Amino acid sequence: EIAASCRRLSERRHGALIVIERETGLQDHIETGVELDSLVVDELLQTIFFPNTALHDGAVIIRGDRIVAAACVLPLAETIVSDTHLGTRHRAAVGITEQTDAIAIVVSEETGIISMARNGRMVRHLDERRLITLMQALLKPKRAARGLGWFGARGGHKSSGSRPKAA
């Protein structure tokens, strides 16, 4: 549902910021928005991010299979995002992933490019299939998500698990 919605939002150049909660709770950020309790459905995500509607600014936060809040305020990236063409949505996506283990998906309003942030890093130019593949890998138990190269844990990142030892 998320990937299909991102594809449609991208085609229409409707900006979006979707945050998927993992182990780190996002309740403080949820409380900055409008709390919802809805299944994650493509049509609802498209409606929320339709330009100039009441909830389109800010982030949607997803917990499990539920949209728990919309129009949420997120922290902006502490690190400098190298691409000056990236706007506030992208800085917020990187920012929330610098502070938590959440995954953030951004659809650019200007270009329609779909991006995903994790651990303060962003991968861009995703299509629906690649977005599905990344989400499946990242939302599996931690052991299965290892080996994702640069998109894995960054040096100095605090995590509850230990890094795999070299063979």
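Residues numbered from 1 in each chain as written. Predicted model: local features only at pLDDT ≥ 70, side-chain atom pairs only at ≥ 80, totals over all residues. Heavy atoms only, no water.

Draft legend 1. Helix α4 (residues 88-99), seen in detail. Look at α4: 16 Å from first C-alpha to last across 12 residues, which is about the 16 Å you get at 1.5 Å a residue. Along α4, the positions that sit buried rather than exposed are R89, H90, A92, A93, V94, G95, I96, T97 and E98. Residues of α4 that are buried in the fold lie against β1 (16-20), α2 (27-30), β5 (103-107), β6 (114-118) and β7 (121-126). (Helix = DSSP H or I, 4+ residues; strand = E, 2+ residues; numbered from the N terminus. Expected span 1.5 Å × (residues − 1). Buried < 20%, exposed > 50% of the residue type's maximum accessible area, 1.4 Å probe, protein only. Contact = heavy atoms within 4.5 Å.)

Draft legend 2. Representation of unusual backbone geometry. We note that R13 has phi near 60 degrees; this positive angle belongs to a residue other than glycine. By the secondary structure assignment, R13 is in the loop between α1 (2-12) and β1. Located in the positive-phi region is H125, a residue other than glycine, with phi close to 60 degrees. Residue placement: H125 occurs in strand β7. Among the residues examined, H125 registers a relative accessible area of 58% and is labelled exposed.

Draft legend 3. Representation of the packing of α1 against helix α5 (residues 128-138). The N-to-C vectors of α1 and α5 enclose an angle of 145 degrees; their axes lie 9 Å apart at closest approach. When you trace α1 past α5, the crossing you get is right-handed. On the side of α1, the interface is formed by I2, A3, A4, C6 and R7, while α5 contributes E128, L131, I132 and M135. Residue composition of the contact of α1 with α5, by class: 7 nonpolar, no polar and 2 charged. (Axes fitted to C-alpha atoms, helices over the stretch in contact; angles between N-to-C directions. Left-handed = near helix turned anticlockwise from the far one by under 90°. Nonpolar A, V, L, I, M, F, W, Y, C, P; charged D, E, K, R; others polar.)

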